[in-house]
Amino acid sequence: MPLRMIRVMGRDFALHYPGRGRGLSSSAFHRQALALGQVLNHDLAALRVGIVGCGGTGSATAMVLARLGVGQIVLIDNDIVDRTNLNRLHGARQADADAMRAKVKVVAHTIAEMGLGVRVLPIEAWVGDERCRDALKSCDIVFGCTDDNEGRLFLNRLAYYYLIPVIDMGLAIDVGDGDVPEVKAFDGRVTVLHPHATCLLCRNVISTEHARAESLRRANPAEYERQKVEAYVVGEGNPSPAVATFTTEVATMAINEVIHRLQGFRGPEGLADNRVRKFHLMVDRRPGHKPREGCRICDREIIWGRGDDEPFLGLVG
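The present account deals with the structure reproduced in this document.

Reading the values: rules and limits
Residues numbered from 1 in each chain as written. Predicted model: local features only at pLDDT ≥ 70, side-chain atom pairs only at ≥ 80, totals over all residues. Heavy atoms only, no water. Helix = DSSP H or I, 4+ residues; strand = E, 2+ residues; numbered from the N terminus. Rg over C-alpha atoms; globule rule 2.2 N^0.38 Å. Buried < 20%, exposed > 50% of the residue type's maximum accessible area, 1.4 Å probe, protein only. Areas by Shrake-Rupley, 256 points an atom, 1.4 Å probe, with all protein chains shown as cover. Patch = residues over 30% accessible without salt bridge, like charges linked within 9 Å, V, L, I, M, F, W, Y side chains within 5 Å. Salt bridge = Lys/Arg side-chain N within 4 Å of Asp/Glu carboxyl O. Pairing = 2+ DSSP bridges. Axes fitted to C-alpha atoms, helices over the stretch in contact; angles between N-to-C directions. Contact = heavy atoms within 4.5 Å. Polar contact = N/O pair within 3.5 Å; in protein donor to acceptor, adjacent residues only side chain to side chain. Phe/Tyr/Trp six-rings, centres within 6.5 Å; stacked < 30°, edge-to-face > 60°.

**Brief notes about the overall build of the protein**
- The helix and strand tally for the protein stands at 10 helices and 10 strands.
- Whereas a compact globule of 317 residues would reach a radius of gyration of roughly 20 Å, the protein reaches 20 Å, a difference of no more than 12%.
- Projected onto the principal axes, the alpha-carbon positions of the protein cover approximately 65 × 50 × 40 Å.
- For the protein, the residues scored as buried account for 48% of the 317 residues in total.
- Surface summary for the protein: the accessible area is close to 16200 Å², and the carbon and sulfur share equals 51%.

Right under this line is the structure:
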């Protein structure tokens, strides 16, 4: 079977496939080509992109990628639409919340209605479910838009085992309790995971304690509740603050990082494996972290590109 594409995914992303740069793309993307070139349109159309989590950042990521002309999108989420996320879940309506429709199906339907020729595969499952494996392994890039620690742990390993860049994103809002809350932090983060980059564990993005609690809740809800009462696991607190404009901007930050790595529009200093946008201060920062000595993910080349393994990704239990 001939190769579909050869991708070189380091700090820059280079794609090699038949017909690259030749011919015209759809007229829908003509103005995009005027800004960033016809080759970028071809590259985007050739990509298979995964989006894990279809909430505020994930649904925004999906909508923008579709409007950029990405060829195929895999949507992975096991949650349904409810009224509390209608204000930031792109494509969702009250009728979707009333019908308790799956987020992936709502987002997929909205993309199909655009008529831009983007192929979408919705998978209603948690990312660690076996049903997601083949779809994830076929992706050229994966956007991590999940807010659970266990899901991030899974994607953290996927990036290094399969050499698939994972663009993890998050929004951290810390405000006071007043009628007009005092802003202490309003930070959007985009982290690119690939060999020679520091993983999420070493960046302290993931809490293994929370991940353990999430795993127990998923596998054994009754035992989780028992342990929560006895204070052996971390229980749920109040919902995290979220605002549609900022979740959407974090999504565009992540997408623009990919566009730069494909096209280079920011120039030679434009790359950032870890970018934090402090919305309240109107500044971008690039916090640096080194792998912890002996880290089994980013300081252990033996697993880089290892691919299919038993158990999957070396995960036990």
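**Here's the deal with a nonpolar patch on the surface**
- Taken together, the side chains of Leu3, Ile6 and Val8 make up a nonpolar region of the molecular surface, amounting to roughly 300 Å² of accessible area.
- Structurally, isoleucine 6 is set in strand β1 (residues 6-9).
- A relative accessible area of 46% places isoleucine 6 in the partly exposed class.

**Considering the sheet that holds strand β4 (residues 72-76)**
- Within the open sheet, the eight strands sit side by side as β5-β4-β3-β6-β7-β8-β9-β10. Their pairing is mixed. With one partner strand each, in any of the chains shown, β5 (119-123) and β10 (283-285) form the two edges of the open sheet. For this sheet, the mean angle separating the axes of adjacent strands, direction not counted, is 15 degrees.
- As judged from the three bridges shared by strand β6 (residues 141-144) and strand β7 (residues 166-175), these two strands associate in the parallel manner. Bridge assignment links glycine 144 to a residue of β7, and that residue is aspartate 168.
- Against the sheet, helix α7 (residues 149-161) engages β3 (48-52), β6, β7 and β8 (183-193), with an angle of about 150 degrees to β7.

**A few points about the side chain of lysine 278**
- With respect to the secondary-structure elements, lysine 278 resides in strand β9 (residues 274-278).
- What makes lysine 278 buried here is its relative accessible area of 16%.
- Here the side chain of lysine 278 touches aspartate 187 through a polar contact of 2.9 Å, side chain to side chain.
- Excluding anything up to four places from it in sequence, lysine 278 contacts Phe186, Asp187, Val283 and Arg285.

**Brief notes about helix α2 (residues 38-46)**
- Residues of α2 that are buried: Leu40, Asn41, His42, Asp43, Leu44 and Ala46.
- Those residues of α2 hidden inside the fold are in contact with β2 (13-16), α1 (30-36), β3, α3 (56-68) and α10 (244-263).

**Points about the environment of isoleucine 6**
- Separated by 10 residues in the primary sequence, isoleucine 6 and histidine 16 place their C-alpha atoms 5.0 Å from one another.
- In this structure isoleucine 6 touches Ala14, Leu15 and His16, once residues within four positions along its chain are discounted.

**Some thoughts on the environment of proline 268**
- The topology assignment puts proline 268 in the loop between α10 and β9.
- Judged by its relative accessible area of 80%, proline 268 is exposed.
- Linking proline 268 and lysine 290, residues 22 residues apart in sequence, is a C-alpha distance of 22 Å.

**Observations regarding the environment of glutamate 310**
- With respect to the secondary-structure elements, glutamate 310 resides in the segment after β10.
- Sequence-wise, glutamate 310 and methionine 282 are 28 residues apart; in three dimensions their C-alpha atoms are separated by 46 Å.

**As for the packing of aromatic side chains**
- Taken as a whole and judged by the stated rule, the model has six aromatic pairs.
- Here the aromatic rings of phenylalanine 246 and phenylalanine 279 are separated by 4.9 Å at their centres, their planes lie at 55 degrees, and the arrangement is tilted. Here the residue phenylalanine 246 occupies a position in helix α10, and phenylalanine 279 occupies one in the loop between β9 and β10, the gap between them amounting to 33 residues.
- Residue classification places phenylalanine 279 among the buried positions, given a relative accessible area of 14%.

**A look at the pattern of salt bridges**
- Taken as a whole, this structure holds 22 salt bridges when the rule is applied.
- In this structure, lysine 137 and aspartate 134 form a salt bridge, with 3.9 Å as the shortest nitrogen-oxygen distance. Pair noted here: lysine 137 and aspartate 134 are both in helix α6 (residues 133-137), with a separation of three residues, about one helical turn.
- For aspartate 134, a relative accessible area of 60% puts it in the exposed group.
- Counted as one network, the salt bridges with shared partners bring together Arg11, Glu249, Glu257, Arg261, Arg266, Asp273, Arg275, Arg277 and Asp284.

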